[in-house]
Amino acid sequence: MKLMNNVTLISGETKMSRQEEMLEKWQGEVFTCVIGAKKDEGGTRGSVVKVGGEKTLPFLDKEGSLPNTAAVALEIFDVPPADWPEELVAAYGGVTANPLEWADACVRKFGAELLCVKLAGAHPDAGGRSPEQEAAFLSKLAAAVNVPLIVRGCGDDVKDNTLLPLCSEALKGERCLFGSASQDNYKTLTAAVTADGHGIIAESPIDLNIAKQLNILISDLGLPLERIVMDPTIGALGYGLEYAYSIMERARLAALSGDRNVACPFICFTGQETWKVKEAVAARADFPHWGDKEKRGILWEAVTASALLQAGADILVMRHPKAAEEIKKYACHR
Amino acid sequence: MALSGLDIYKILPKTNCKECGFVTCLAFAMQLAKKGVEAGKCPYLSEEAGNILADAGRPPINLVSIGSGEGCLKVGNETVLFRHEEKFRNPCGIGFIIDDVLPEEQIKRTASRLGGVSFERVGQILKPDVIAVRQSSNSAEKFAAAVKAAVDASGLNPVLMPSDASGLRAALEAVKGAAPLIYRVTKDNIREFMPLAAQARVPAAVYGDTLEEQAELVKELNGGGVAQILLDTGEQEPRERIWRLTQWRRQALKKNNRLLGYPAVTVLKGKDPYSVAVEAAGDICKYAGLILLEVSEAEETLALLTLRQNIYSDPQKPLQIEPKVYTIGNAGKESPVLITTNFSLTYFTVLGEVESSKVPSYIVSVDTEGMSVLTAWAAEKFTPEKITDSLQKFGVSGLVGHNRLIIPGYVAMMSGNLEEKSGWEVVVGPKEASGLPAFLKNLS
């Protein structure tokens, strides 16, 4: 406590002392994770995406380096999406019926730098496509688009443990990001991605301790922290967003303070969470005072993503191309 | 900023005269630090020490009110940089800018629409707070008339954006007593604007190009009798805006810099509605006390007000509702009984879906101490025993003529155990509330 400063300020007689900016000096930094491998690195991607590497909090690059802009991925499915609202499907102009055309539109028409594919069709309740079918699909996908890829299982642990190793092998050397590993199910996926040169998504249920523990468990199996991206499990705007927001801020502050075990970049599945909530999908007729339905959904996704950027998001997986475009513009400001 | 007992002891007379009722000055100092006694109990306190103690008792970021009466906006008094450290206290104001060159009828219509904007979310009413009128005309009278029309038609707290002192004077006169915010004082107009602000005793926003200039202008305003101040970021790119907002919050909280200890205002204009909403969202998270927007469509407002509600919610206290059985619609003997938690977000999400299904139902809200379904299950607050107790306590079996109970899909694993404990037949519902309308329709 500097009493003399107070005295100076209160008396108001002393000439104003110079106002100096307060800069934080952080000890730690976020790991840089590279997604995608070009030909000279054993892959076939046309570009690579680097995320992480922050040495201070989002947007504050006056006091520390923020070497990489947050990456914005568009999300596709391996099968036509069953539960997407019509506005969202319409935004892609009908190509969602054919996943390869859909992927192409994401990259060529909407300029996605990163493509996330969810193997929804492998789920036992959704047709249960076989691991071989999905691996073949991914090979075709990798040939059709040349941006780095994020691959997610169907969400059924038992199925994913047979599905993802085969998919990982099919994309060997492409340095994809594979998900998701959880506290109860991480060994199979970790072994597969370690062998095939990919990175992993470590999913924790809005819990900093579990996030940290899972990073330790995965890195103990031999996958370095540079190849882990954390999924803190977000909720959409109005549906628990603030819980993940604060978990992310706490984790990032710990990382910058030197805790390496939470210093992995964050991935947030913004689109998946947004496009099931009432405010994004309800008809205008049901809620006339909520305004235009399509704009409302886009805004819901973009505003969710914007808040997450402030909390430290490094990869935003989005669904509506307009929301993705808007958030990329904003992310470029950091 | 809090002073320690030892800090206080150093500025006391140290004579141990006991007239304050304490045996020593140190004991008195320790009580002062704990706010257990008034500094005035010491008859020999120097003026300087008195000032230091009074100053230390002030919040590091001043509370500023805009507008008069019950609906006035109060911002500031924030105590942390990150909401998890405690909470953000006073939700930032959100308001809209109207231009005075618009025809008066249009001003009235727009203002009236904005004043009527209101959304209900998890049991709270969300509304915009202020209406700002910008002078683009050359006429002080036109500006004043537009201000009056906008304020009267909207009922919102006023912000004046005059182009010169004559406009400001006329507008202050037009909404006398309404305690409008003056936007904004700069080094170029401070000589003219300051006396008007001081005389009308209204808050003023102040803009300086640099931290130094900002602080000097604040000091001048304080000296000129303007106590209620907002710091304006000016029209900066998002990165620079977030930098300034963060600096001011840090200066006030970590350095006790009184000259920057005020809430902040940002103005987002001249951009398309999506950019404005995305940028405003960042400002809500990072320390704006008031955000003025050019756009005013319902969907933007809904998204931003919802974000504000999220960010300003208390991280230590999840919003809860009273645990009991809720009757939805014209529920009777044959109506379904749904079980959920007493976490507001969970309950209101379930309620919304049950209402839209138009199937009259009973929702039993179990006391999970405000935890959501899965969290409460993991923490053993949402167990077969707890649910059985709630069913008995609320007398649910007396309300219906059947014994079917619908539980959330996420806790399907407790079905057998719950059937055994409660004697009810358990039906597993959908995992997400959004599946309820289809589920309930198929049920009947």
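Conventions we followed
Residues numbered from 1 in each chain as written. Chains lettered and ligands numbered in written order. Predicted model: local features only at pLDDT ≥ 70, side-chain atom pairs only at ≥ 80, totals over all residues. Heavy atoms only, no water. Contact = heavy atoms within 4.5 Å. Buried area = accessible area lost by both parts, 1.4 Å probe. Salt bridge = Lys/Arg side-chain N within 4 Å of Asp/Glu carboxyl O. Helix = DSSP H or I, 4+ residues; strand = E, 2+ residues; numbered from the N terminus. Buried < 20%, exposed > 50% of the residue type's maximum accessible area, 1.4 Å probe, protein only. Patch = residues over 30% accessible without salt bridge, like charges linked within 9 Å, V, L, I, M, F, W, Y side chains within 5 Å. Areas by Shrake-Rupley, 256 points an atom, 1.4 Å probe, with all protein chains shown as cover. Polar contact = N/O pair within 3.5 Å; in protein donor to acceptor, adjacent residues only side chain to side chain. Axes fitted to C-alpha atoms, helices over the stretch in contact; angles between N-to-C directions. Parallel < 35°, antiparallel > 145°, perpendicular 65-115°, else oblique. Left-handed = near helix turned anticlockwise from the far one by under 90°. Nonpolar A, V, L, I, M, F, W, Y, C, P; charged D, E, K, R; others polar.

### Here's the deal with the interface of chain B and chain A
Much of the literature gives interface size as the accessible area that the parts lose upon coming together.
Phase 1: The partner chain A presents 58 residues to the 67 residues of chain B that form the contact.
Phase 2: For the pairing of chain B and chain A, the buried interface totals around 5,600 Å² over both sides, and the portion due to carbon and sulfur atoms is 64%.
Phase 3: Among the residues of chain B in contact with chain A, Trp243(B), Tyr274(B) and Glu299(B) are the three that bury the most area, contributing 14% of the side total.
Phase 4: For the interface between chain B and chain A, the tally reads 11 salt bridges.

### Examining the pattern of salt bridges
Phase 1: According to the stated counting rule, one finds 42 salt bridges over all chains in the structure shown.
Phase 2: Among the ionic pairs, Glu24(A) bridges to Lys254(B), the shortest N-O distance being 2.5 Å. Residue Glu24(A) is found in the loop between helix H1 (3-11) and strand E1 (32-35), and its partner Lys254(B) is found in helix H9 (residues 238-254); the two belong to separate chains.
Phase 3: Owing to a relative accessible area of 45%, Lys254(B) belongs among the partly exposed residues under this scheme.
Phase 4: As a salt-bridge pair, Lys295(A) and Glu300(B) come within 3.3 Å of each other at their nearest N and O atoms. Taken together, the residues span two chains, with Lys295(A) in helix H11 (residues 293-311) and Glu300(B) in helix H11 (residues 298-311).
Phase 5: Shared partners join several salt bridges into a network, and the residues in it are Lys322(A), Glu325(A), Glu326(A), Lys329(A) and Asp272(B).

### Some remarks on a nonpolar patch on the surface
Residue and element names in this part refer to chain B.
Phase 1: A cluster of nonpolar side chains, contributed by Leu374, Trp377, Tyr410 and Met413, occupies part of the molecular surface with about 370 Å² of accessible area.
Phase 2: Along the chain, Leu374 falls in helix H13 (residues 373-378).
Phase 3: Taking relative accessible area as the criterion, Leu374 reaches 38% and is therefore assigned partly exposed.

### Some remarks on the environment of Trp275(A)
All names here are of chain A.
Phase 1: With respect to the helices, strands and loops of the structure, Trp275 is situated in the loop between helix H9 (270-274) and helix H10 (278-281).
Phase 2: Given a relative accessible area of 5%, Trp275 falls into the buried group.
Phase 3: C-alpha separation for the pair Trp275 and Leu88, spaced 187 residues apart in sequence, amounts to 8.3 Å.
Phase 4: Ignoring sequence-local partners within four residues, the contact set of Trp275 consists of Pro85, Leu88, Ala280, Val281, Gly297, Ile298, Glu301, Arg319 and His320.
Phase 5: Side chain to side chain, Trp275 and Glu301 meet in a polar contact 2.8 Å long.

### As for the packing of H11(A) against H11(B)
Phase 1: It is at 9 Å that the axes of H11(A) and H11(B) come closest, and there the two elements cross at 30 degrees. One way to sum up the angle between H11(A) and H11(B) is to call them roughly parallel. The hand of the H11(A)/H11(B) crossing is right-handed. Within the contact between the two elements, H11(A) uses Lys295(A), Arg296(A), Leu299(A), Trp300(A), Val303(A) and Ala307(A) and H11(B) uses Glu299(B), Glu300(B), Leu302(B), Ala303(B), Leu304(B), Thr306(B) and Leu307(B).
Phase 2: Partitioned by chemical class, the residues of the contact of H11(A) with H11(B) number eight nonpolar, one polar and four charged.

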